[in-house]
Amino acid sequence: MTIVLDQRSDQSLAVYIDGDLQFDSRDEGVYHELLALPALALAQARRPKRQLRALICGGGDGFVARELLKSSAIKQIDLVDYDPTILDLAQNEWPELNQHALTNPRLKLHICDAVQFVDLAAQAADEYDLIICDFTVPRDQAGARLHSIDWYQQLAYILHPQGLIAVNAASPSQTPVAYWMMYNSIRTADLNPKPYRFALPSFTEAGYGDDWGFFIGSRRALRPREFDHLALAEPREFLHDIEQLKRAFAFPAALAEKRTTAQPTKLASDALLHSLFAPTWDEASGTDWTSLDFVHDPAPLPKPHTSPTLVPSAVQQALQADQGLDESQVFEQVVQVMPALRAEQTRSMVREFIANPLRFLNSLDLRSLVEALLRRSRELPRKLVTELRLLRRHLQRTWENPQLLLSRGLRIVSVIALVIILANLLHPDTTYAKGDTSPGSGATSSQSMVRTNSPYDVVQAPPSTVAGRGFASSTYGRGPVDEYGTYIPTTRRYRYYGSYYGGSSYRNYNRNQRPSEDPNEGGALYRLTPETDILANGEIVIILTDQAYLLLADQVMTVVDAEDGLPIVFLQRDEALIWRTHRELDRQRRGLDGSVKAKQDWIDWVSWAGFVPWRNDDQAELNNIVQTRGTLDQAIKSLGSIPANQPAIRVAPTAGGFQLFSSVWMNAEGSLAILEQPDGSKAYLNKTGWFRDAALTQPLSEPYPDEFRTKVLVPFLTKQTTEYEAIKKRIEADLTSAKSDLSLLNSDKTEYTSIQTSYGPSDIVDYGTTEIRVDEALRRTNDDIARTQQLIQILNDQLSSLPKQNDAAKKFLQSLK
Amino acid sequence: MYVAILPQLSVSSELGQKWEALVQANPAGGVMQSLAWGQFKQQRGLNVVHFGLFAATDQLIGGMLCTIPAQSGVGSNLIAADGPILPWHDQALARQGLRLLREAAEHHASAYGAVGLRIEPRLERPASNLLRDWRRAPVDMLARETLYLDLRPSAEQLLAAMKPKGRYNIRLAARRGVTVRISHDLADIPLFYRLMDEAGERDDFYVEPIDHFNDLLATLAPLGYAHLLFAEYAGQTLGTLLLITYGQRAVYQYGGISNQLREQMAGYALQWAAIQQAQRLGCTSYDFYGFEPTGDPHHPFAGFSRFKRAFGGQAIALIGAYDYYFTEQLADVIIRAVRELA
């Protein structure tokens, strides 16, 4: 266990155990007052004259003890924590914060495992009036047992029938299933829990969710009216009054509904861990459900989850509910629902990790595995045995591409891939691994907005809420922010003339009416795609080169000189580009809408419940998101009319020509650029002039835009040819590597063949680190050769499909310089 | 030759020293085979299984230090990153050694809940045919394509061999007053982590949890293997770098530059300080840990490779990780899975 103390410049202290924030001195009072004082007050109210005995499980930081010691009714506290380090720190590093609670004569420290302590107390028939569980959120099985039915049953045994229990749980909004699982475990143990929650800025900042949840319970169920006249111990810093406390018991009904299906867990179950590792960001909002409306929860209590499972239950469900789907679609669903198997994994990390299941199937010798499984066919259902036989037949013929295997609709292939994936996900190092093994990485295509032949096709759902801090007041406005709220530091600056570039300006410009004022200057406000920025006034700009950008507008597109903000040339609107840009803007705008709603709901709830620290920051962040969303509206408006359907892919205006970017082409010979002008006519441009016709016989009357040559074409083509060279080199390097593998395989083959010829097929040879019959070694080597040849084929195809454009571009570049 | 599972060795024991010497002398080995790394991984909740390869004379000649999740109910892989330690130059000996190690791992697999073994020696491509019955793993634990800088030349010679831009920016950072502080203090971890987190969010990569770094530094720093570097300027910390030095090799394992004052070239200052620190500690090779050699602009390493290229060095293509699944153990797990789904 590692403990880190972060002493900040404002003298506040944050403490981390194993990387998890334990407390932040700025707001730990909210947490500890809420956890300890209501239970204390209820226990006192139920047995007013009694001197109370309390048990604190965990809580070695001394803060819960500090709260309980505020009451003179507390006669004795047993505090059980297994970790001497935290107890030592609590007494020596922050005794002022816990007001020396751990050395108070009414408190007795027990350095031992809480489960053992409670077992012994149960054997000794000990009884407590108040039990507070203040454990960190479980990260492993040992931690999860402290939320099991078995544990709560033990606590119920040592709790006086009128006694109170309070439990630190999890975030109801971020991990709703886990929260309600804990709730149902406490219910199953007959401790009649009531859920409540509050806002803790430091936890939110640490990514633990927008709210944090506790439970309070008792063997004799709490009656709502018991809360009416509670006397909460004093002094208090954050918990103002009973009304505020009651509000903490309110939840969105949709969120509370989840308790009807969340399974309580037994000691050996791992289901709670899976739920904790898989945040789901519940977006339900409102306060229309409260547990103070009833004595006993009328909701059905699901059956307990009892033992660890190999296949996580979400995946089991996905594999069982496959009506009407083919196997590859079923597998896609598995990928979507696969939970994290370890505390440090996030759902997106897991999804990314298993997005390509082929690489897992490639890592094992499927043929021997199938033989091994068939040897044990009596242990398998008949349908799978039939599948295995079919699979064996496929595999016997020759080496088969796993891609095909997955698409053959065999459930057994999915199960095998799944087991290999689980084995990989379980090891904590693999998801952070530094490389992946996809071959031929040179074939990746650039997702360019300005090329019609590579449309921006990957359409993802927008993020449900902004996770980055880019909209926070400390960063907003300093540079562009993307849809995830990530602030992107950049040196990109723009000079521009605002409304100057519309259709009428184009006509004025051509009549030589130039702006007399200075251009606007500034960075972008929002990054739509890596190359597309939205400026503060809602203009949409796409980077073409370091010296020029493309500005989109309602009637024309303008290539703008980045230095002086003046137009270089005007181009015809590329309707396909407009359509793609609008689709992207609209998608991201919907994402921001979601974020605005989530943030507003949270602020509403926090202020309604009376937890208001740091709210101004949230309000500022919300304002910034709203402002950005407004800018996206402006951007959409600036596009003018949007085609109703996706426009068809454009064809080159000359045979064999190549598109350089929207509305600009290069002819097949690499001697001319062809510009589509706003009026639909073409301009043919070379180093010295521009013309109405490809034969270069009719010069255009407007002055030759030399800056288009120097600031757009030359740098654009230079970058493009350099990139092509690099991609080519990359594929060639992969090809060389594959060819040297092939040559090694071929020399193995020659050797095995000669052994087989001389000594017969049953002779035993080395095959890697195994000794096998030479005919089998030969067969496997042939498989490897087939696999390598296929890779070489793919690389060769990639190489030959590298467009001839490169040659033309090089030639054109040469002629332009 | 035979294989035995070694007890947890201390660095001061005779066998422990022998192991460390073998790892450090083996060009295909690295820090992830060191005893300290094993200790670090144990603290992270992993089981560590150390297989020793002995000559018939009972002399330790190689082996592998493997990690596997402690609670592997499902079955996971034993992983020997930077290993195994074998006389790779002697094909026959290496084949025999690897076979014995694999067989021993398979023999003990059930005890550790293992269904397979993953190895990743730092051998250059192409992979030798002694790995013929192994398969390329779905992920590599190390950066398979990387850049090694030979640290034997003097600092001046290294500077002279750099790309002009690298040399210029190193000097620019110094001229502008960027200084680099080297720390071995756990109290610096939150600062290190804040910068890494910022970089991870910006550049879209996953950063291990903070306790990973706490445990790593707590275990490796006292032995002089782990160093935190911070680039500082006018009272601000602009960037950080985690350097691992072990045996002949230094590895730039993590680094992150703040979003603030990027024009101060803190990244260059950090790398140069790390290179010099590695030289002072007697390392002869500096691994930039991840590099795309051809300049492919769409490769995931493209961005930082442009930066690393400025320091010179030689592009290295390693064979990557290789898997060997234990068929019977794997079949067991698959049958269990099928039953759960029934």
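What counts and what doesn't
Residues numbered from 1 in each chain as written. Chains lettered and ligands numbered in written order. Predicted model: local features only at pLDDT ≥ 70, side-chain atom pairs only at ≥ 80, totals over all residues. Heavy atoms only, no water. UniProt positions renumbered as here; feature names shortened; annotations may be inferred. Helix = DSSP H or I, 4+ residues; strand = E, 2+ residues; numbered from the N terminus. Contact = heavy atoms within 4.5 Å. Polar contact = N/O pair within 3.5 Å; in protein donor to acceptor, adjacent residues only side chain to side chain. Domains from an automatic or database assignment. Buried area = accessible area lost by both parts, 1.4 Å probe. Salt bridge = Lys/Arg side-chain N within 4 Å of Asp/Glu carboxyl O. Buried < 20%, exposed > 50% of the residue type's maximum accessible area, 1.4 Å probe, protein only. Core = buried A, V, L, I, M, F, W, Y, C linked by side-chain atoms within 4.5 Å. Phe/Tyr/Trp six-rings, centres within 6.5 Å; stacked < 30°, edge-to-face > 60°.

Caption draft 1: Layout of the UniProt feature "binding site: spermidine" (unreviewed entry) in chain A. Residues and elements named next belong to chain A. The feature "binding site: spermidine" (unreviewed entry), as annotated in UniProt, sits at H32 and D61 in this numbering. Across 30 residues in sequence, these annotated residues keep their C-alpha atoms within 10.8 Å of one another, forming a single compact spot. As for its placement among the helices and strands, H32 is situated in helix α1 (residues 28-46). If we skip the residues at most four places from it in the chain, H32 touches L37, D61, F63, V64, R66, E67 and D134. Side-chain polar atoms of H32 contact the side chain of E28, separated by 2.8 Å. One can find D61 in the loop between β4 (52-58) and α2 (63-68).

Caption draft 2: View of the domain arrangement of chain A. All names here are of chain A. We note that the domain assignment places domain 1 (27-293), domain 2 (313-432), domain 3 (494-638) and domain 4 (710-816) within chain A. Computed from C-alpha coordinates alone, the two centres of domain 3 and domain 4 are separated by 45 Å. Taken together, the contact between domain 3 and domain 4 spans eight residues of the former and five residues of the latter. When domain 3 packs against domain 4, the two sides together hide about 510 Å² of surface, and 66% of this comes from carbon and sulfur. When the buried surface of domain 3 facing domain 4 is broken down by residue, L544, T545 and Q547 rank first, second and third, together holding 63% of it. Across the pair K711 and D561 runs a salt bridge, and its minimum N-O distance is 2.7 Å. At the junction of domain 3 with domain 4, the criterion picks out two residue pairs in polar contact (both at pLDDT 80 or more).

Caption draft 3: Up close: the pattern of salt bridges. Residue and element names in this part refer to chain A. Taken as a whole and assessed by the stated rule, the structure comprises 71 salt bridges over all chains. Measuring nitrogen to oxygen at the nearest pair gives 3.1 Å for the salt bridge that ties D24 to R26. In this structure D24 comes out as buried when scored by relative accessible area, which is 2%. Here R26 falls in the partly exposed class, since its relative accessible area comes to 32%.

Caption draft 4: Structural context of the nonpolar core. With 143 residues, the main nonpolar core has A:W151, A:I412 and B:I334 as its most contacted residues. Tallying contributions element by element places helix α19 (residues 411-426) of chain A first for this core, with 13 residues. Excluding its chain neighbours within four sequence positions, the residues that come into contact with A:W151 are A:C57, A:A114, A:V115, A:V118, A:C133, A:F135, A:R145 and A:L146. A:I3, A:L21, A:L164 and A:F203 belong to the second largest nonpolar core, which has 64 residues in total.

Caption draft 5: Examining the UniProt feature "domain: BioF2-like acetyltransferase" (unreviewed entry) in chain B more closely. In this structure's numbering, the residues bearing the UniProt feature "domain: BioF2-like acetyltransferase" (unreviewed entry) are residues 167-290 of chain B. What you have in residues 167-290 of chain B is 40% helix and 29% strand, and the ends, taken at the C-alpha atoms, are 21 Å apart.

Caption draft 6: Looking closely at the UniProt feature "binding site: S-methyl-5'-thioadenosine" (unreviewed entry) in chain A. Residue and element names in this part refer to chain A. When the UniProt feature table is mapped to this numbering, "binding site: S-methyl-5'-thioadenosine" (unreviewed entry) covers D81, D113 and A114. On the basis of their most widely separated C-alpha atoms, the annotated residues across 34 residues gather in one place, lying no more than 6.7 Å apart. Judged by relative accessible area, which is 9%, D81 ranks as buried. Once residues lying within four places of it in the same chain are set aside, the contact partners of D81 are G58, G59, G60, I86, L87, H110, I111 and C112. Separated by 2.9 Å, the side chain of D81 and the backbone nitrogen of G60 make a polar contact. Considering the arrangement of structural elements, one finds D113 in the loop between β6 (107-110) and α4 (114-123). Excluding residues that lie within four positions of it along the chain, D113 makes contacts with V80, Y82 and R145.

Caption draft 7: How the structure looks around unusual backbone geometry. Omega for the peptide link from A:E234 to A:P235 comes to 0°, which places this bond in the cis form. Within the secondary structure, A:P235 sits in the loop between β10 (212-218) and α9 (242-247). That bond from B:G83 to B:P84 is cis: its omega, 5°, falls within 30 degrees of zero. The topology assignment puts B:P84 in the loop between β4 (76-81) and α3 (91-107). Even without being glycine, A:H100 reaches a positive phi, approximately 55°.

Caption draft 8: Highlighting the packing of aromatic side chains. Inspection of the entire model under this criterion finds 38 aromatic pairs over all chains. Arranged with centres 5.0 Å apart and planes meeting at 90°, the rings of B:Y225 and B:Y246 form a pair that is edge-to-face. With a gap of 21 residues between them, B:Y225 in the loop between α8 (210-220) and β10 (226-233) and B:Y246 in strand β11 (residues 236-246) connect regions that are remote in the sequence. A residue is classified by how much of its surface remains accessible, and B:Y225, at 13% relative accessible area, is buried. What makes B:Y246 buried here is its relative accessible area of 6%. Here a set of aromatic residues connected by ring pairs shows up, and it is made of A:Y31, A:Y196, A:F198, A:F203, A:Y208, A:W212, A:F214, A:F227 and A:F249.

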